[in-house]
Amino acid sequence: MSIERELFKRSGGQCELCSATENLQPFVVLPSQKGGINESLLACATCTDQINNPGNEDMNHWRCLNDSMWSEHAPVQVIAWRMLSRLRAAGWPQELLEQLYLDEETLAWAKATGEGEDDENKIIHRDSNGVVLTHGDSVVLIKDLKVKGSSMVAKQGTAVRNIRLDHENSEYIEGKVDGQMIVIITQYVKKI
C-alpha cells in the first residue's frame, strides 16, 4: 500500500491538521530518518504552504490546532508543536503549547528544526547575498564545486531544487545535482 493511501486511510481523507478535504498531499516531517507513514502526515495545500513559508501564516487558520494537537500520531503532534511555537507571540498559541504534552523523543524531533528557539539561538541559513534560505527553496550554484569523494564537479549555474537544511550547521544545505544528493556550502549558492 502506498504512503498516500495509508495516510488517506489513517486520516479519513482529510487534512490531519485542519480537517480540509481538498488539495491533500503527503507531507514528510523533517528531519526524516526513514520516511514512511510514521514520519508523514496528510496535509492540505494551505497548511503545507504556511508550514514551509514562515511569515505567511494566517493566524485564524491555525486555530485548528486546538483539536489536531491531541492526535495520537507523532508527525501531527510535531507540526502542531512547531506551529504553536512559531505563533506563540499571539497569546492563544502559547496557552495551547502549555497544554500540549510530548514524550521526550517526539519533543526532540519537534525541536530538531530550531522552531521555538529564541532568534539568537536559531540556526539561519543564508545564501551568498544574505538571503534567508528555507527548506524546499531552489538555489543556483555561483561557482564550480568539486564533490568530495567523487570525480563529479557541480558546474556554476546549476539549479538545485527542493533543498534541505542542515539543522546543526548554518553553512550547509543538501540538494540533488545530476541525481546525486550532495552537501553544498551556502556561500556558493544564490536563491532563485
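This write-up is about the structure you can find in this document.

The rules behind the values
Residues numbered from 1 in each chain as written. Predicted model: local features only at pLDDT ≥ 70, side-chain atom pairs only at ≥ 80, totals over all residues. Heavy atoms only, no water. Patch = residues over 30% accessible without salt bridge, like charges linked within 9 Å, V, L, I, M, F, W, Y side chains within 5 Å. Areas by Shrake-Rupley, 256 points an atom, 1.4 Å probe, with all protein chains shown as cover. Salt bridge = Lys/Arg side-chain N within 4 Å of Asp/Glu carboxyl O. Helix = DSSP H or I, 4+ residues; strand = E, 2+ residues; numbered from the N terminus. Buried < 20%, exposed > 50% of the residue type's maximum accessible area, 1.4 Å probe, protein only. Pairing = 2+ DSSP bridges. Core = buried A, V, L, I, M, F, W, Y, C linked by side-chain atoms within 4.5 Å. Contact = heavy atoms within 4.5 Å. Arc of directions from axis to C-beta.

**Topic: a nonpolar patch on the surface**
Okay, so step 1: Together, Tyr172, Val183 and Ile185 line one region of the surface with nonpolar side chains, adding up to about 240 Å² of accessible area.
Okay, so step 2: Here Ile185 lies in strand β11 (residues 180-185).
Okay, so step 3: Take Ile185: its relative accessible area is 31%, and that puts it in the partly exposed class.

**Looking at the pairing of strand β10 (residues 172-177)**
Okay, so step 1: Here β10 shows a buried face lined by Ile173, Gly175 and Val177 and an unburied face lined by Tyr172, Glu174 and Lys176.
Okay, so step 2: With two bridges joining them, strand β9 (residues 164-165) and β10 adopt antiparallel strand pairing. The partner of Leu165 across the bridge, within β10, is Ile173.
Okay, so step 3: As paired strands, β10 and β11 are joined by six bridges and run antiparallel to one another. Bridged to Lys176 within β11 is Met181.
Okay, so step 4: Connecting β10 to the next strand, β11, in antiparallel fashion are two residues, including Asp178 with a positive phi near 50°.

**Some remarks on the sheet that holds β10**
Okay, so step 1: Pairing in this open sheet of three strands is antiparallel, and the strands run β9-β10-β11 from one edge to the other. In this open sheet, the two edge strands, each paired with only one partner strand, are β9 and β11.

**What to know about the nonpolar core**
Okay, so step 1: Counting 32 residues, the largest nonpolar core has Leu17 and Trp62 as the members making the most contacts within it.
Okay, so step 2: At eight residues, helix α4 (residues 74-87) tops the list of elements feeding residues into this core.
Okay, so step 3: Apart from residues no more than four positions distant in its own chain, Leu17 is found in contact with Leu41, Cys47, Ile51, Trp62, Cys64, Leu65, Ser68, Val76 and Ile79.
Okay, so step 4: With 15 residues, the next largest nonpolar core counts Leu141, Leu165, Val177 and Ile182 among its residues.

**A closer look at helix α5 (residues 92-99)**
Okay, so step 1: Residues of α5 that are buried: Trp92, Pro93, Leu96 and Leu97. Across the axial projection of α5, the buried residues extend over an arc of 140°, all falling on one side. Opposite its buried face, α5 presents the exposed residues Glu95 and Glu98, each directed more than 90 degrees away.
Okay, so step 2: Packed against the buried residues of α5 are α3 (65-68) and α4.

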